[in-house]
Every structure is written in C-alpha cells, then in structure tokens.
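Residue-level structure breakdown
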Amino acid sequence: MEQLAWLPVHEDLGAALSAARRIADPAERLARAMHLSGFRRDFTATGRIERLAEAGLAAPPAELGLVPLRLAILASHTVDHLVPGIRVAGLHRGLAISVHVAPYGNYRQALLGEDPALAEFAPQLVLLALDAQDSPIALPLGASEADVEQAVAARVAELRHLWRRARERFNAQVVQQLLVATTPPLFGSYEAMVPAAPRTVLERLNAALRHAAREDGVLLLDLAAQMAGQGPADGLADPVRWHQAKQLVSPVMAPLHGDLIARIAGAVLGRARKCLVLDLDNTLWGGVIGDDGIEGIKLGQGNPTGEAFLAVQRYAAQLGQRGIILAVCSKNDMAVAEAVFENHPEMALRRGDIAAFVANWSDKAGNLRQIAKQLNIGLDALVFLDDNPAERDIVRRELPGVAVPELPEDVALYPAWLGAAGYFETVGFTADDAARGRSYALNAARQAALEQTTDLESYLRSLEMVLTARRIGPAELPRATQLINKTNQFNLTTRRYTEAEVQALADDPASLALALRLTDRFGDNGLISVILARPDASLRPGEWLIDTWLMSCRVLGRQVEAATMQVLTTLAAQQGIHALIGEYRPTARNGMVADHYSRLGFKPMAPLPDRPEGTLVWRYETRGATPFVHPIALDLT
Amino acid sequence: MTEDEIYAALTQVFRDVFDDDDITLSPATTADDIAGWDSQAHVNLVVAAETRFGIRFRTAELESLHNVGDFVQLIATKRKGA
C-alpha cells in the first residue's frame, strides 16, 4: 500500500502549492495549508505545506479552530527531518503542533538534568524516540535466559525513571517509541531460541516496555508494526540513511511517520473519530439489494467475493466491539435494507449492532448530518466508508469534517486500508468502551419506550435510573481522563488533562474529582460524567471552582444535571464548602451548555481574573438551597 | 532520458525540496549557491532524486555529490545501467 493511501489524490498538488505560496496573507496561507494537508502527499510536498503554514501558525485566527499542542521529541537518532510530517499531519486533524527537538542523543540529560529550553517549552507530550543502537544490551551470545531478563529489567527500570521524570516535571503524557530492529537476524528462524541473540533481546525489551507502559499510563509508538506494508520496504531502518545521517526513519516515510504521531496527539486531545458509517450495496455485500434481492447479493462463505465482503463486515463488527459506534447510510428503501440485517444468514453485522440506520433516497451529506445529530456527536467524529468514488467526493465537498477514506478497487483490501488510516487511535481501552456499542443500541430501546409513554416525567421515572458517584480512583482514572479529553459538546470549560493531572487533583484532599455512572432498567450507561472542583487563587476560602463539568451526550434530557448538582452540593457541604463557582467557556462546540448554570439556579457574577474572553461566571450558595427535583436515585457510598 | 531532460527534472526536484520556483541549476551550482542547502536538505535532495528517477545512490556515491553536475552525471550513469 502506498503511504497515506486513504487520502484523496489532488489533481495537481505541486501547482496548488506554488499558487498558495503567492498568497500575501499568512492566515489565508495557513487555511490553504490545512486544506492541502488532507491530500495524499510525499515528503517534499509535506515540507512545502509546512512552510506554507509556518507564518500563519505564529498567530492562527480563531475561526480555523486549531488546537495548540506542544510535543517534545527526545531522540537517540536524527528526527529533525520528520518534524514537517508531524506538523502537517497535525494540521490535517485541526492541531497546531509545535515541536521541540532536544539535542541529538541527549534524552537522559534533558530529563534528568536541567534543560532550560525544554522547561520553557513545557511539553504536553514527550516522545522518547530511541533505537536499538542506543544503549544496546551487550551480552555474549551464550548468555543465559536469566542474564537477558536481568539486563532487560535494568534497561526498562531506567526508562521508567525517565518516564516518571517527564510526568513529574512537565505533567506531560509520555509516548515511548518501541525499538526497531536495525540489524539482520543472526540465526534465521532459530533466532528466538537463543536468549541473547540480538533480535531476541530486542523483542524481550519491547515486550517488557509494552508491559511497563500499560502499568505507567505511557503510550506506545510502534513504527515497525504501523509502517509494515506501507511505503517502500526500506523506508524504516534503511542502512544507507543510517550511515549517512543517523536517520532511523527515511525522509520518504516522513508523511506516514508524522501521521502516526499526530494520531496519538489527536487521541490524547480527544480528536479521534468515534463512529464508522457504512454504505451498504457493494460495501457490505456484493451487488445491489434492491435489484438482486436477498438471494442474489454476494455475501459469505463459499465464494471469494462473498468472503471478502464478509471480512469487511467482520472488521466493522470488531470495531463495534471495541467501542466504535456503527451506523448505516445508504441509498435504499429502509425496509429492504433492514431486512438483509434481519434475514440474511451470512451477515456478520446485525441490526442491533447499528446505532443509527438511515436508508432513503436523499443525498448522503444530509443523511450523515442526521446521523451525527441522532447520535449526539459531531460530524468530525464520523468516518464514512463508501465504495462509490462519486459519493465519496460529494461528501468530502459538502462535509469537510467527515473523514471519507479513499478505497482500492478490490474490496478484499478495504479492511487493511481502513485500519491503516488510523481514524480510531485511542489512549485507553476500558470496559465502558467495550460496552458502548451496546449502549447506543439500548438507546434505541429507550427511544421506543419514550414513544409509548405520553409524558416525559412518567417516562423518566419508568427508566428507574440510579446515578452512582465515586471519587476518581485507579478504576475510574482511565475512562475519566478519556472523557475529559474527548467531550466537546456538554463540556462547560473544555479543559484537557492528562491522567497524571487528574490523578494529582484526585489526590488533593482540598479538591473533589468525581466520576458519575448512570444505570437504568435497560442497562448500564457507563461512566457518563466527570466533575472536577477545587479551590482557586481567585476565590475565597470555602468556595470551590467547578474546574470541569462534562457529560456524555448519550444521557442528555434525563435530568442527570439536577441529580449531579445534588451530589455535588452534598459532597461540597461535607468538605465545608458553602459556595460553588461555575464557569462557562464558549467554544465552537459547547453552545448547548451556555445556560447550564442558570438552569440549575446559579446566579451570574463578575468575571474572574485571567480568563479567556467570553467566559461567563456563576455562583451558587449551598446554604439554604432548595432541594433538586429529579427522577434519579443517588448512590454516594 | 537526455542530459537536458535530467536537468529539467532535477530542477523541479530542487524547486520542490527548497520550495522555490525560481531556482535554476547549472553544473557548477553547489550548496553555497542555494539558501537552505544544509546537510538535512542534502539528504532530502538525495531521497527526492532517488524517488524521481527510480534509482538508489550507493553509500560511497553519496560522498561524491558536491555539485549539480555530479548529481546529473551520476543519475545519467545509473539510468543507463538500469
């Protein structure tokens, strides 16, 4: 597969770049660079896009919606040539990534000693890009398994110390690059039988790093696995580039390399996609259901084409199992399309797996808008998979926020292309993720119950909801951090925090870090809301700033806010807090909560110092407050 | 590919790598003549030329690329051999 194969090809990228260079206004050049970053590009075009963006990035206009992110790369090989690829892939995701490259090979000094330049840069993300040549574990080939284990453990302990330093000093999320084999095997297939063979040691080290990273909340960058089969085979660990310039990654692979890092950065900032929208005819099965009928479409075992379509469905179903919402958008009659999911024996996807099912003869852009609305997610959370190049093109023009991967002619390659595009990169996987697809499907059942009831109050009571509030501990930390970083709509302040920062607040006895879970008679909605409340320099003793209040849009309209307020005032009173100060910081996405605090009975007050323009502040006295009315039972144990 | 064609194609490679549509090349053009032709840009040039002409430079050959004339001669030789 060509690298970035899922991005559409520009008809003349070189000419477009030359034309864009002549634009006088830096902000307009930046906007053009963002647009061009979404096309398939080699490393020279990627470098040109970065230069196009550069001046505008000094002061990006707010309407471009770029989110800043500071990435420090501490490397034991040359990485400067990879910076444009990272920044341009960031632009493609709406991120303005600034990159600090520590002096070559000085990663220990940068973290263990004082590095004023790094400290001033204050990285949010620290990438430790190490390679097999750096601090190699040099053991005689006859060394025992125990010797190897010991040497590996020592090296991992050293790296864990560096990870800890990065967290303590910068509150940064650490990303550890796994080691890439740069020398050929010594023993061939027998290699793994020899404990001290270089490749065996390397694999053990990588296995130990994976394990330690999981324990320490560190993310991994697995270049060998992610680049395999994409771009030229010598793009990674090319000995010529190594001897010439100590490059582990060839400039040729800079676009894909940058994309891999920007994906992780995007996931850390909650910019990953959430929903896979599927076309039906010739995407999930071969043929056109309206013409060919349920017996005529190609799907399932016994026929190569049918098996290839089944593999697409299975991959989509697996994505559903890891928490990606599945939806259908197809030009078909609803009844005919749904009947395939209900009645075709070979379908791997079932009607219950699809959270939003839209089949009609209207245009797909409009239908995708409807799907986003129905699921309460942004258009920029959608990935649309469609075999038809014309439909793909129209959706890209009409809805630039929706990711629409290019697809190869052969459906057998669809899963690989979709997987390679990395739309669903994540920083964690929790039990809630595994249950999410089910949860969205249950929302359909709730919707049906609502349609049978005459009034909202009795419907909400009939749900038998229980809101469970827990102080954030190890069990809640990953999912709570994930919500903090990906919730855009019901989010009063859109402050983003790393796990380390949330942990620090949860450990502070003067503050409150709450995770809320909602269950009802249809099932568990999972962890749906996070509240962070703390003293603030701008407030008086006995007052808490509600630093963060966010909620999953899955539970909108269920009066969870009032129940949450009851929880919050109860816990605040227990800690001697008599006033809650709520802030609303407007973004392009959170208009739905502009009236949140006034609806809950907060009173407007004067702005706090050092807040972004447009921030509204509200105050709530917990003493003498009237009780909150809501149909939800509370569990505060 | 004639030498003129190689010059034309290599000029485009230089213009792309340095993002400068005004670059013109002569055999005597060296790093001193082009702003930004540092060691990192040199690797980029080598790799972009390899991609454009479908060739690979050997490690030893990389040391002999001092000016544009060297580039063109080596590309011509390699393409003839291919």
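Computed from a predicted structure; not experimentally measured.

Moving on to the nonpolar core. Grouped together as the largest cluster of nonpolar side chains are 108 residues, with contacts concentrated most on A:Leu276, A:Trp285, A:Phe341, B:Leu10, B:Phe14 and B:Phe71. Taken domain by domain, this core gets at least three of its residues from each of domain 2 (67–268) and domain 3 (275–420) of chain A. Filtering out sequence-adjacent residues up to four positions away, B:Phe71 remains in contact with B:Leu10, B:Trp37, B:His42, B:Leu45, B:Val46, B:Ala49, B:Phe57 and B:Leu65. A:Leu460, A:Leu516, A:Ala562 and A:Ile632 belong to the second largest nonpolar core, which has 41 residues in total.

Next up on the list: the UniProt feature "domain: SGNH hydrolase-type esterase" (unreviewed entry) in chain A. Taking the UniProt record as the reference, the feature "domain: SGNH hydrolase-type esterase" (unreviewed entry) is found at residues 107–238 of chain A. In the segment residues 107–238 of chain A, helix accounts for 47% and strand for 10%; the C-alpha atoms at its two ends are 23 Å apart.

Moving on to empty space enclosed by the protein. Residues and elements named next belong to chain A. Summed over all chains, the structure comprises three cavities of 30 Å³ or more. Its volume calculated, the largest cavity comes out at about 50 Å³. If you trace the largest cavity, you find it lined by Leu71, Leu125, Leu127, Val175, Leu221, Ile261 and Ile264. If you list the elements that add at least two residues to the lining of the largest cavity, you get β3 (125–129) and α11 (254–268). Split into classes, the residues belonging to the lining of the largest cavity amount to seven nonpolar, no polar and no charged.

With respect to the element layout, A:His81 can be found in the loop between β1 (67–75) and α4 (83–92). Looking at A:His81, its side chain comes within polar contact range of the main-chain oxygen of A:Val249, at 2.7 Å. Aside from chain neighbours lying at most four places away, what touches A:His81 is A:Gln247, A:Val249, A:Ser250, A:Pro251, A:Ala254, B:Gln40 and B:Asn44.

A separate point is the sheet that holds strand β9 (residues 382–385) of chain A. Residue and element names in this part refer to chain A. Spatially, the four strands line up as an open sheet ordered β8-β7-β6-β9, and their pairing is parallel. Each edge of the open sheet is held by one strand with a lone partner, namely β8 (356–360) and β9. Averaged over all pairs of adjacent strands, the angle between their axes in this sheet comes to 20°, without regard to strand direction. With five bridges connecting them, strand β7 (residues 325–331) and β8 associate as parallel partners. Paired with Ala327 across the strands is Ala356, a residue of β8. Where helix α14 (residues 334–343) meets the sheet, its contacts fall on β7 and β8, and the angle it forms with β8 comes to roughly 135°.

Moving on to the packing of helix α3 (residues 43–57) of chain A against helix α1 (residues 3–18) of chain B. For the pair α3(A) and α1(B), interaxial distance at closest approach is 7 Å and the crossing angle is 40°. With respect to their mutual orientation, α3(A) and α1(B) come out oblique. Across the interface between the two elements, A:Thr44, A:Arg48 and A:Arg51 from α3(A) touch B:Asp16, B:Val17 and B:Phe18 from α1(B).

Before going further, it helps to examine the interface of chain B and chain A. At the junction of the two partners, chain B supplies 19 residues and chain A supplies 19 residues. Interface of chain B and chain A: buried area, both sides summed, is about 1,600 Å²; carbon and sulfur atoms make up 49% of it. Our count for the chain B to chain A interface comes out at eight salt bridges. One salt bridge connects B:Glu50 with A:Arg241, and the closest N-O pair in it is separated by 3.5 Å. Secondary structure elements with two or more residues in the side of chain B that touches chain A: α1, α2 (39–53) and α3 (59–62) of chain B. Ranked by residues supplied to the side of chain B that touches chain A, first place goes to α2(B) with nine residues.

In this structure's numbering, the residues bearing the UniProt feature "domain: Carrier" (unreviewed entry) are residues 1–79 of chain B. Segment residues 1–79 of chain B splits into 59% helix and 0% strand. End C-alpha atoms: 8 Å apart.

Residues and elements named next belong to chain A. What the second largest pocket holds in volume is close to 740 Å³. Counting residues per element, the ones that place at least two in the lining of the second largest pocket are β1, α8 (198–216), β5 (219–221), α20 (477–486) and α21 (499–507). When grouped by side-chain class, the residues that make up the lining of the second largest pocket number 17 nonpolar, ten polar and eight charged. Structurally, the lining of the second largest pocket is a two-domain feature, drawing no fewer than three residues from each of domain 2 (67–268) and domain 4 (454–635).

Take the environment of B:Asp70 next. Residue and element names in this part refer to chain B. The residue Asp70 is located in helix α4 (residues 68–81) in this model. Spatially, the C-alpha atoms of Asp70 and Pro27 are 7.6 Å apart, while their sequence positions differ by 43 residues. Ignoring sequence-local partners within four residues, the contact set of Asp70 consists of Ser64 and Leu65.

Attention shifts here to the pattern of salt bridges. Opposite charge on two side chains lets them pair, provided their charged atoms get close. According to the stated counting rule, one finds 45 salt bridges over all chains in the structure shown. Here A:Asp635 makes a salt bridge to A:Arg470, at a shortest N to O gap of 3.6 Å. With A:Asp635 in strand β17 (residues 633–635) and A:Arg470 in strand β10 (residues 466–471), this residue pair connects regions lying 165 residues apart in the sequence. Residue classification places A:Asp635 among the partly exposed residues on the basis of a relative accessible area of 24%. Ionic pairing is found between A:Glu583 and A:Arg495, a salt bridge with its closest N-O pair at 2.9 Å. Here the residue A:Glu583 occupies a position in strand β14 (residues 579–584), and A:Arg495 occupies one in the loop between α20 and α21, the gap between them amounting to 88 residues. The class of A:Arg495 is buried, set by a relative accessible area of 11%. Through salt bridges with shared partners, one network takes in A:Arg21, A:Arg48, A:Arg51, B:Asp16, B:Asp19 and B:Asp21.

Bringing the environment of A:Asp12 into the picture now. Among the structural elements, A:Asp12 can be located in the segment before α1 (13–21). In terms of polar contacts, A:Asp12 uses its side chain to reach the backbone amide nitrogen of A:Ala15, at 3.1 Å.

Interface size is commonly expressed as the accessible area that is lost once the parts come together. All names here are of chain A. What the domain assignment reports for chain A is domain 1 (12–65), domain 2 (67–268), domain 3 (275–420) and domain 4 (454–635). Taking the mean C-alpha position of each, domain 1 and domain 2 sit 29 Å from one another. Residue-level contacts link 15 residues of domain 1 with 15 residues of domain 2. Here domain 1 packs against domain 2, burying approximately 1,200 Å² in sum over the two surfaces, 71% of which is carbon and sulfur.

Residues and elements named next belong to chain A. In the sheet, β1 pairs with strand β2 (residues 95–101) via seven bridges, with the strands oriented parallel. Each bridged residue has a counterpart across the sheet, and for Ala72 the counterpart in β2 is His100. Crossover handedness for the path β1 to α4 to β2: right-handed.

Here the focus is the state of the cysteines. All names here are of chain A. A full pass over the atoms with the stated rule returns zero disulfides over all chains. Left without a disulfide partner, Cys275 is nearest to the cysteine sulfur of Cys329, which lies 10 Å away. Assessed through its relative accessible area of 0%, Cys275 is described here as buried.

Rules and cut-offs
- Residues numbered from 1 in each chain as written.
- Chains lettered and ligands numbered in written order.
- Predicted model: local features only at pLDDT ≥ 70, side-chain atom pairs only at ≥ 80, totals over all residues.
- Heavy atoms only, no water.
- Core = buried A, V, L, I, M, F, W, Y, C linked by side-chain atoms within 4.5 Å.
- Buried < 20%, exposed > 50% of the residue type's maximum accessible area, 1.4 Å probe, protein only.
- Domains from an automatic or database assignment.
- Contact = heavy atoms within 4.5 Å.
- UniProt positions renumbered as here; feature names shortened; annotations may be inferred.
- Helix = DSSP H or I, 4+ residues; strand = E, 2+ residues; numbered from the N terminus.
- 1 Å grid on protein atoms, 1.4 Å probe; cavity = no way out; pocket = protein on both sides within 12 Å on 5 of 7 lines; lining within 4 Å.
- Points joined across faces, edges and corners; volume = space filled by probe spheres on them.
- Nonpolar A, V, L, I, M, F, W, Y, C, P; charged D, E, K, R; others polar.
- Polar contact = N/O pair within 3.5 Å; in protein donor to acceptor, adjacent residues only side chain to side chain.
- Pairing = 2+ DSSP bridges.
- Axes fitted to C-alpha atoms, helices over the stretch in contact; angles between N-to-C directions.
- Parallel < 35°, antiparallel > 145°, perpendicular 65-115°, else oblique.
- Buried area = accessible area lost by both parts, 1.4 Å probe.
- Salt bridge = Lys/Arg side-chain N within 4 Å of Asp/Glu carboxyl O.
- Right-handed = clockwise from strand over helix to strand, strands pointing away.
- Disulfide = S-S within 2.5 Å.

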